[in-house]
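Read off the chains here:
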Amino acid sequence: MSIVATPDSTVTYPDTPTSGRGLELHEKKDTGCSAPPEENGYLTVSDLRNVAPPGWTLHVNPRGHVYWRNARFRVVVDEDLRNPVGLEKASQFCAQCDRLDLTEGLEAHMIGGMDTSFSLFLNHNHCVAGYEVSRVRDGAVRDMSPQALLRARRVYWTFVNSHPSHRPCPKQGFTDAIDALRSYYHEHIHVGSWCIAPFSKQECEDLLDVLHRAKDDEQGLPATAALLGCILRDVYSFRSAEKWGQVNREQHRAYRSSVTRPHDFAPQQSTATRLILHFLIHVPFFGIPQTYLAHVRSASEFRGHLAGLKQNWEGYTHQLVREYSDFILIATVLLSATVGLLTINDIGQASRVAAMLSAFAALGSMTVGVFFVWRHQRNARMPSSFSYLHNARNNALGLSGHALLLSLPPVLLVWSIVGFAAAALAYALQDTTHAATWVMFALFVIVLVAVMAGVYTFSTIWHWQSPKSWRRGLFGSRKSRAEESAV
């Protein structure tokens, strides 16, 4: 047994296992092991005498958790060596690795909470990792398949992200990360919101700036290695998913096209349900829900990174809040005008009924609009969007039914305007001559036709029109779903 004494207590550790080649093992050199500090130099947690058993060095991840490394056996463990059970497992693992003859640049990692037979082997020369040491030796790396190499790099950089403190940051990692981030940045410039890269444009700019400075000034810092591991872990995960370096141009284009095409995962609706929704949207709701349907579909599109979805969601909620605020203001003014019309003493019965309907519609628009503004303002953050979009897609009427509800404030406002116009026309036609009645009615029709022409023109001018567009709206949904399923 080896005993390490401290001023307050005595900590006892079992000896680290040795081998018949003991002298040879002690003479091994390892470039990843840092030199001991000077007696009067600056000390870190790793330099304290009572934090690790003999032969082991404690290292601290920049996020605060610790792990241990044995330079003699080239072993890294996550088990708590301050616990006798954990130290015994680590000793057994060292004995196993002693028989593997780990050469310069190779390292073994015993994953915390796992049996000693389950371990990870790393080749720092080629930045690869695997669960079989024979596959990560220098001579075997060249025989890997492209997909196996991408997977081995992803596993390696995942390890570096969690264990960055015991070795200097690999120089090749900076080249790979900077090249990948520049490629993603250029893709954002070329295709804009259709880019499915794992980093947003702003993230690429920030990370490139950090890496350029870190490459020259902070190469040895553990935080730099951890950041590099985090970046390249996502880079190689993305490359592995899109079969980077394994498909030709046409295959890659087909894959990107299938990824960027939005898929509708909502339950399929029957023809009767679609006909009812089509009637409600285009007759009593004046086609207004189509605009909100396009908004919610755009906000729910996910193209590879959460930053894009976050941007879409925040733009969606802010746009709804602005529109509803404008509708509330207009409905308030219209309600005041309607109440003023009702105060006239000699108003007829028809005018009174139309004015009351207008007042009720304006009041409903204000009430629903205020509630929608309140709820969307309080849930403008990203986490709320997942449950919102899930519930919107999976309700009985799907996104079209949700769009009907979103359009209630402007639809009620339109009905309020219609009711106020009918009340004003009915009041104007009270107690007038036959000729005056026809003149007023003709003027009303002219104004109505002009308004309807303007509203219809600027409601449809933003979309490409064809004679069969309304038929596709009715019967094209099932066909498009079938095409997406085939892809």
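## Re the pairing of strand S4 (residues 66–70)
Part 1 of the argument: Most of S4 sits out of view: four of its five residues are buried.
Part 2 of the argument: Sheet analysis places strand S3 (residues 57–60) next to S4, joined by four bridges and oriented antiparallel. Residue pairing in the sheet places Thr57 in a bridge with Arg69 of S4.
Part 3 of the argument: A loop of five residues connects S3 with S4, the two strands running antiparallel in sequence, and Gly64 in this loop sits at a positive phi of about 120°.
Part 4 of the argument: Here three bridges tie S4 to strand S5 (residues 75–77), and the two strands are oriented antiparallel to one another. Paired with Trp68 across the bridge in S5 is Val77.

## A look at the packing of aromatic side chains
Part 1 of the argument: With the rule as written, the count across this model stands at 12 aromatic pairs.
Part 2 of the argument: Ring geometry for Phe286 against Trp415: centres 5.1 Å apart, planes inclined by 50°, an arrangement best described as tilted. Placement of Phe286 in the loop between helix H9 (271–282) and helix H10 (289–299) and of Trp415 in helix H15 (residues 408–428) is noted, with a sequence separation of 129 residues between them.
Part 3 of the argument: The structure contains a cluster of three or more aromatic residues connected by ring pairs, namely Tyr292, Tyr324, Phe371, Phe372 and Trp374.
Part 4 of the argument: Here Arg239 stacks its cationic end above the ring of Tyr236, 5.4 Å away from the centre of that ring.

## Structural notes on the confidence of the model for the protein chain
Part 1 of the argument: Residues with a pLDDT of 70 or more make up 82% of the protein chain, whose mean pLDDT is 82.
Part 2 of the argument: Throughout residues 1–31 the model reports pLDDT below 50, and contacts reaching past four residues in sequence, or to other chains, amount to 55 contacts.

## Some thoughts on the environment of Phe238
Part 1 of the argument: With respect to the element layout, Phe238 can be found in helix H7 (residues 222–241).
Part 2 of the argument: Once residues within four sequence positions are removed from consideration, Phe238 is found in contact with Tyr184, Ile196, Ala197, Pro198 and Arg256.

## Notes on the nonpolar core
Part 1 of the argument: Grouped together as the largest cluster of nonpolar side chains are 35 residues, with contacts concentrated most on Trp157, Leu181, Tyr184, Phe199, Leu211, Leu228 and Ile231.
Part 2 of the argument: Among the elements of the structure, strand S7 (119–123), helix H4 (146–162), helix H5 (171–191), helix H6 (201–217) and H7 are those that each provide at least two residues to this core.
Part 3 of the argument: Ignoring any residue separated from it by four or fewer positions in sequence, one finds Leu181 in contact with Phe199, Cys204, Leu207, Leu208, Leu211 and Ile231.

## A closer look at the packing of helix H13 (residues 383–393) against helix H14 (residues 398–406)
A packed helix pair is summarised by two numbers, namely the angle formed by the two axes and the spacing between the axes.
Part 1 of the argument: Where H13 contacts H14, the two axes come as close as 7 Å, and the packing angle between them is 110°. With respect to H14, the axis of H13 lies roughly perpendicular. Seen from H13, the contacting residues are Tyr388, Ala392 and Arg393; seen from H14, they are Gly398, Leu399, His402 and Leu406.
Part 2 of the argument: Its residues assigned to classes, the contact of H13 with H14 shows four nonpolar, two polar and one charged.

## Remarks on H15
Part 1 of the argument: Its 21 residues give H15 an end-to-end C-alpha distance of 30 Å, which sits within 8% of 30 Å, the value for a rise of 1.5 Å per residue.
Part 2 of the argument: Of the positions making up H15, those classed as buried are Pro409, Pro410, Val411, Leu413, Ser416, Gly419, Ala423 and Leu425.

## What to know about the environment of His212
Part 1 of the argument: Within the fold, His212 resides in helix H6.
Part 2 of the argument: Separated by 34 residues in the primary sequence, His212 and Ile178 place their C-alpha atoms 8.0 Å from one another.
Part 3 of the argument: Sequence-distant contacts of His212, that is, excluding residues within four places in its chain, are made with Ile178 and Arg182.

## Observations regarding helix H2 (residues 84–98)
Part 1 of the argument: The end-to-end C-alpha separation of H2 is 21 Å, in line with the 21 Å expected for 15 residues at 1.5 Å each.
Part 2 of the argument: Listing the buried residues of H2 in full gives Gly86, Leu87, Ala90, Ser91, Phe93, Cys94, Cys97 and Asp98. Viewed along the axis of H2, the buried residues span an arc of 165°, placing them on a single side of the element. Turned more than 90 degrees away from the buried face of H2 sit Pro84 and Val85, all of them exposed.
Part 3 of the argument: Sitting at the head of H2, Asn83 places a side-chain oxygen 3.1 Å from the backbone nitrogen of Val85.

Definitions and cut-offs
- Throughout this document, residue positions are counted from 1 along each chain, in the order its sequence is written.
- Whole-chain, interface and lining totals are the exception, using all residues; otherwise, since this is a predicted model, local features are given only for residues with pLDDT of at least 70 and side-chain atom pairs are given and counted only at 80 or more.
- Computation of side-chain values: all heavy atoms of the structure, hydrogens and water removed.
- With a 1.4 Å probe rolled over the protein chains alone, any residue whose accessible area is under 20% of its type maximum counts as buried; one over 50% counts as exposed, and the rest are partly exposed.
- Helix numbers and strand numbers start at the N terminus; a helix is a DSSP run of H or I with at least 4 residues, a strand a run of E with at least 2.
- Following DSSP output, two strands are said to pair if at least two bridges run between them.
- When two rings of Phe, Tyr or Trp (its six-membered ring) have centres within 6.5 Å they constitute a pair, described as stacked for plane angles under 30 degrees, edge-to-face for angles over 60, and tilted for the intermediate range.
- Our definition puts a charge over a ring when NZ of Lys or CZ of Arg is within 6 Å of the ring centre and also within 35 degrees of the ring normal.
- Per-residue confidence from the predictor is reported as pLDDT, which spans 0 to 100.
- Contact criterion: two residues are considered in contact whenever any of their non-hydrogen atoms come within 4.5 Å of each other.
- Definition of nonpolar core: a set of buried residues of the types Ala, Val, Leu, Ile, Met, Phe, Trp, Tyr and Cys, connected through side-chain atoms within 4.5 Å.
- Where helices are involved, their axes are fitted lines through C-alpha atoms of the stretch in contact, as for all axes, and angles between N-to-C directions lie from 0 to 180°.
- Here roughly perpendicular refers to angles of 65 to 115 degrees, roughly parallel to angles under 35, roughly antiparallel to angles over 145, and oblique to all remaining angles.
- Each residue is assigned to one class: nonpolar for Ala, Val, Leu, Ile, Met, Phe, Trp, Tyr, Cys and Pro, charged for Asp, Glu, Lys and Arg, and polar for all the others, Gly among them.
- One less than the number of residues in a helix, times 1.5 Å, gives the span that helix is expected to have.
- Within this analysis, the arc is defined by the directions that extend from the helix axis to the C-beta atoms.
- The definition of a polar contact used here is a pair of N or O atoms within 3.5 Å, where within protein one atom must be able to donate a hydrogen and the other to accept one, and adjacent residues in sequence count solely through side-chain atom pairs.

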